[in-house]
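Letter by letter, the chains look like this.
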Amino acid sequence: MAATAARRTPETAGTRASSLDLDAGRALVAQLPERVGQAVRLRGWVHHRRDLGGLAFLDLRDRSGVVQCVLEGIDPPLHESSVEVEGTVVAHAKAPGGVEVRASALRVVTLATTPPPVEMAKIDHQAHPETLLEYRHVTVRAPRDRAVLKVQAELLRGFRGFLDAHAFTEISTPKLVAAGAEGGAHQFEVDYYGQRAYLAQSPQLYKQIMVGVFERVYEVAPVYRAEPSHTVRHLAEYLSLDVEMGFIEDDGDVMDLQEALLKAMLAEVAERCTGELRDLGATLPRLDVAFPRIPLLDARELVRERYGHASGGKDLDPEAERLLGRWALEEHDSDFVFVTHYPEAARPFYAYADGDGLTRGLDLIFRGTEITSGGQRAHEVAMLERGLAQRGLDPEGFASYLQVFRHGMPPHGGFAIGAERLTALLLGITNVRFARAFPRDGQRLQP
Ligand code: AMO
């Protein structure tokens, strides 16, 4: 029988100054280079262990990094057990971080009862993605995965920080909806009290409605796409970073905002994630060049003339996106390029239509892949009704949305960034699944 640990009483609470001082008496791996010669107590997981006769090497992993501990006459427990190690920090030039810990005691916090299916120290995304994803609940602990998710968290911090500082308000909109904003295809159907409902593909219509409340809004939330294409850049559930702003002049305002926001997010990562970027071998894009802007039709022409690629369909195909990214880098030294002036046929009904067959819809391409869509929106009922009719959509399904445009909606626009795509492209991760803790795709609903 497992013993239950006794709860603390005021008398036994120990050395913690307050119950929030959770790190009292504990050193973090990242602090060790400044603590050479000192006695420390570490907490973490058995990342890796090697036995050399009486001597054992234990790589201990905590939230800040991994350090090698040398144990004499102490047996390290099974991989991924959580442990507490006491010892002395010594300089060791060959060890990662330049230090190791000579352990004097090891206490098991929670013993792992099963070895992990893949050893955490040997995880590399190229090796066996299916196994890594099947056992994601434990493989997500690997330093590489931790670093990717950490960078993503800092991108989100940058996103919120920039928008908060520019008078935007965070909103939360329903994920159970009656109609799809993005045209009706690829929706997940839900039985909603006997009625048909869908999982939201985008907060699009709601974020526009909320412009009437706050003028400037943003949302960070998952959205759902029943994507028929199983590619390395599509997820069935992804994190959508949505922005919408009222009283704009035109789509130029939307691009200016987007460019400043992305640069602020990347600057946040540059400042807070030096270790992660180094470990992942990632390079940040240049932040001191303006993102070039090119109309879609010109982009298609350019890609055909310059690289001999004829893009099929109404949009840019993935190869055309890649080549346009290459052009932006070659000609403008930019990892980003805006594609503007999309034709109506390539945009949803809510895009602002200029009457010449073109809209004020736009995409942003980063390192050759689309990471955001957005633009100026139609803000008058007549334009919206025309948009719906052109696309064969029933205005009934959008009745409550259309209502709001009878109540003085100002010119407005915005965009949505796919968080996983941005993270993956920034870090050189080829499969977007590894930029989400628990990816959902056509094959995966667990873990
Ligand atoms: P869109 O459908 O182009 O636009 O999506 C915006 C961005 O979301 C990301 N994305 C995806 N990421 C992972 N898996 C997917 N299946 C997936 N689909 C899209 C991409 C894309 O650029 N309502 C509009 C946004 C707006 O106009 O404000 C919309 O949702 O990075």
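Our subject is the structure listed above.
My aim in this report is to walk through the structure given alongside it, one point at a time. (Residues numbered from 1 in each chain as written. Predicted model: local features only at pLDDT ≥ 70, side-chain atom pairs only at ≥ 80, totals over all residues. Heavy atoms only, no water.)

1. Some points on the site of the ligand
Move 1: The environment of the ligand is made up of 21 residues, and the closest members are Gln204, Lys207, Glu370, Ile371 and Arg377.
Move 2: A distance of 3.1 Å separates a nitrogen atom of the ligand from a polar side-chain atom of Ser202.
Move 3: Interatomic distance of 3.1 Å between a side-chain N/O atom of Glu227 and a nitrogen atom of the ligand.
Move 4: Coverage of the ligand by the protein amounts to 94% of the 620 Å² it exposes when considered alone.
Move 5: For the shell around the ligand, the secondary structure elements donating two or more residues are α4 (204-214), β15 (369-376) and β16 (412-418).
Move 6: Per element, the largest residue contribution to the shell around the ligand is 5 residues, and it comes from β15. (Near = heavy atom within 4 Å. Polar contact = N/O pair within 3.5 Å; in protein donor to acceptor, adjacent residues only side chain to side chain. Areas by Shrake-Rupley, 256 points an atom, 1.4 Å probe, with all protein chains shown as cover. Helix = DSSP H or I, 4+ residues; strand = E, 2+ residues; numbered from the N terminus.)

2. A closer look at the environment of Lys263
Move 1: Locating Lys263 in the fold gives a position in helix α5 (residues 251-272).
Move 2: Along the sequence, Lys263 and Leu426 sit 163 residues apart, while their C-alpha atoms lie 12 Å from each other.
Move 3: Leave out the neighbours within four places in its chain, and Lys263 touches Leu287, Val289, Ala290 and Phe291.
Move 4: Polar side-chain contacts of Lys263 include one of 2.9 Å to the side chain of Glu259.
Move 5: One polar contact links the side chain of Lys263 to the main-chain carbonyl oxygen of Val289, over a distance of 2.9 Å. (Contact = heavy atoms within 4.5 Å.)

3. Re the sheet that holds strand β3 (residues 65-72)
Move 1: With respect to topology, 5 strands assemble into a closed barrel ordered β1-β2-β3-β5-β4, the strand pairing being mixed. The average angle at which neighbouring strand axes cross in this sheet is 55°, direction not considered. (Pairing = 2+ DSSP bridges. Axes fitted to C-alpha atoms, helices over the stretch in contact; angles between N-to-C directions.)

4. Looking at the pattern of salt bridges
Move 1: Per the stated rule, a full pass over the model turns up 42 salt bridges.
Move 2: Measuring nitrogen to oxygen at the nearest pair gives 2.7 Å for the salt bridge that ties Glu330 to Arg306. On the criterion of sequence distance, the pair formed by Glu330 in helix α8 (residues 318-332) and Arg306 in helix α7 (residues 296-307) is long-range, its members being 24 residues apart.
Move 3: A residue is classified by how much of its surface remains accessible, and Arg306, at 36% relative accessible area, is partly exposed.
Move 4: The structure contains a network of salt bridges with shared partners spanning Arg41, Arg43, Glu84, Glu86 and Arg107. (Salt bridge = Lys/Arg side-chain N within 4 Å of Asp/Glu carboxyl O. Buried < 20%, exposed > 50% of the residue type's maximum accessible area, 1.4 Å probe, protein only.)

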